[in-house]
Amino acid sequence: MRDVRHSGVRGVPVIARLACLATAVFAAGCMGPPFGAPIPIYDEQSCVERALRRNPDPAAVDAARVAFGEECDAGHADACSALGVMNERGVGGPADPSRAVALYARACDFGNVHGCTNLAVARIEGISGAREVRFAARLLDPACDLGEPRACLYLARLYDAGDGRSRDRALAAHLFEVACDGDEPSACVARADHLAQAGRRAGALKFYGKACPLGDDRACAYGASRRPSPESDARD
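Conventions and cut-offs
Residues numbered from 1 in each chain as written. Predicted model: local features only at pLDDT ≥ 70, side-chain atom pairs only at ≥ 80, totals over all residues. Heavy atoms only, no water. Helix = DSSP H or I, 4+ residues; strand = E, 2+ residues; numbered from the N terminus. Contact = heavy atoms within 4.5 Å. Areas by Shrake-Rupley, 256 points an atom, 1.4 Å probe, with all protein chains shown as cover. Buried < 20%, exposed > 50% of the residue type's maximum accessible area, 1.4 Å probe, protein only. Expected span 1.5 Å × (residues − 1). 1 Å grid on protein atoms, 1.4 Å probe; cavity = no way out; pocket = protein on both sides within 12 Å on 5 of 7 lines; lining within 4 Å. Points joined across faces, edges and corners; volume = space filled by probe spheres on them. Nonpolar A, V, L, I, M, F, W, Y, C, P; charged D, E, K, R; others polar. Core = buried A, V, L, I, M, F, W, Y, C linked by side-chain atoms within 4.5 Å. Phe/Tyr/Trp six-rings, centres within 6.5 Å; stacked < 30°, edge-to-face > 60°. Lys NZ or Arg CZ within 6 Å of the ring centre and 35° of its normal. Disulfide = S-S within 2.5 Å. Salt bridge = Lys/Arg side-chain N within 4 Å of Asp/Glu carboxyl O.

Caption draft 1: View of the overall build of the chain. Regarding its fold elements, the chain presents 14 helices and zero strands. Within the chain, counting contacts between residues at least 6 apart in sequence, those at least 24 apart form 56% of the total. Accessible area of the chain: about 11,000 Å², with a carbon and sulfur share of 53%.

So, in structure tokens, the structure goes:
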């Protein structure tokens, strides 16, 4: 079993050392905590990988791919994981799912929590190979415990569906909320959907309201078209 840790393998994370490059690539700004946020909770690697999946700057991704490749070759796990995301998504070059999974595995072998989460998700989704849900769950458990929101999201989905784990809707709801608190919009929407299906409209609006500014269009549409009733407020 891999010893999953929350940081890169050595010293200051490479993503912080590539501040100028990453600032150009990721317009969202991943080089420091938001104003007023406690520094210990800020996770540059998570921010960079999220930006790679959502809104990378096409003018700078080629340089980013080269830089992350060089740093990965030098043994920096966070760069390997970020480069894996680029290969999976086809950012800065053609998509290469097999290479992406290999890069995630390399980062995970170094104990990088995001690399392990990415590897687990790849195994759940059958990227470049057969689905291995139980293997994935064993990686997601410690990653979620370490506060990786994406790990909690996918672990919640496993419990919600009874996929590789005994079905536990209450635990799934809790994990969706944990992931939502970590700014995973899909987790917020999943929790909102559950509440909406149970007739708890005020509770649903709360979670759709969190997902909307995180970029989920369906959540924005739901929030714009519905208002909670006094009765639903009382239930929630």
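Caption draft 2: Examining the side chain of Asp193 more closely. By the secondary structure assignment, Asp193 is in helix H11 (residues 185–197). According to the relative accessible area criterion, Asp193 is buried, its value standing at 19%.

Caption draft 3: Seen up close, helix H4 (residues 61–73). Compared with an ideal rise of 1.5 Å per residue, which puts 13 residues at 18 Å, H4 spans 18 Å between its outermost C-alpha atoms and is within 8% of the ideal. Here H4 has its buried residues at Val61, Ala64, Arg65, Ala67, Phe68, Gly69, Glu71 and Cys72. Downstream of H4 by a residue or two, Gly75 has a phi angle that is positive, lying close to 100°.

Caption draft 4: Seen up close, the layout of surface pockets. By volume, the second largest pocket amounts to about 390 Å³. If you trace the second largest pocket, you find 19 residues lining it, with Arg53, Arg54, Arg150, Glu184 and Ser186 closest to the centre. Going through the elements one at a time, helix H3 (44–54), helix H7 (113–125), helix H9 (149–161) and H11 are the ones with two or more residues in the lining of the second largest pocket. Of the residues belonging to the lining of the second largest pocket, the class tally is four nonpolar, five polar and ten charged.

Caption draft 5: View of the nonpolar core. Of all hydrophobic cores here, the largest spans 62 residues; its most connected members are Phe68 and Leu140. In terms of residues, this core owes the most to one element, H9, which gives eight residues.

Caption draft 6: Structural context of the environment of Gly215. Locating Gly215 in the fold gives a position in the loop between helix H12 (201–211) and helix H13 (217–225). Separated by 161 residues in the primary sequence, Gly215 and Arg54 have C-alpha atoms spaced 9.2 Å apart.

Caption draft 7: Just empty space enclosed by the protein, in detail. Counting across every chain of the model gives one cavity of 30 Å³ or more. Taken as a whole, the largest cavity encloses approximately 30 Å³ of empty space. Looking at the lining of the largest cavity, the element that brings in the most residues is H7, giving three residues. Across the lining of the largest cavity, the residue classes break down as four nonpolar, one polar and three charged.

Caption draft 8: Layout of the packing of aromatic side chains. For the coordinates displayed, the defined rule picks out zero aromatic pairs. Over the ring of Tyr154 we find Arg157, and its NZ or CZ is 4.8 Å from the ring centre.

Caption draft 9: Quick peek at the state of the cysteines. The full count for this structure, using the stated rule, is five disulfides. Cys108 shares a disulfide with Cys116; S-S distance 2.0 Å. Between Cys108 and Cys116, the disulfide has an S-S torsion of 95° and is therefore right-handed. Judged by its relative accessible area of 0%, Cys116 is buried. A sulfur-sulfur distance of 2.1 Å marks the disulfide that ties Cys180 to Cys188. Here Cys180 and Cys188 share a disulfide; its torsion about the S-S bond, 100°, makes the bridge right-handed. Cys188 gets classed as buried once you look at its relative accessible area, which sits at 0%.

Caption draft 10: The arrangement of the pattern of salt bridges in detail. In this structure the tally under the stated criterion is eight salt bridges. The salt bridge involving Asp183 is made with Lys210; its shortest N-O contact spans 3.5 Å. Taken together, the positions of Asp183 in the loop between helix H10 (169–181) and H11 and Lys210 in helix H12 put the pair 27 residues apart, joining distant regions of the chain.

Caption draft 11: View of unusual backbone geometry. With phi around 55°, Ser128 is a residue other than glycine that occupies positive phi space. Assignment of secondary structure puts Ser128 in the loop between H7 and helix H8 (133–145). The backbone of Asp183 shows a phi angle near 70°, a positive value even though the residue is not glycine. Relative accessible area serves as the criterion here: at 30%, Asp183 is assigned to the partly exposed category.

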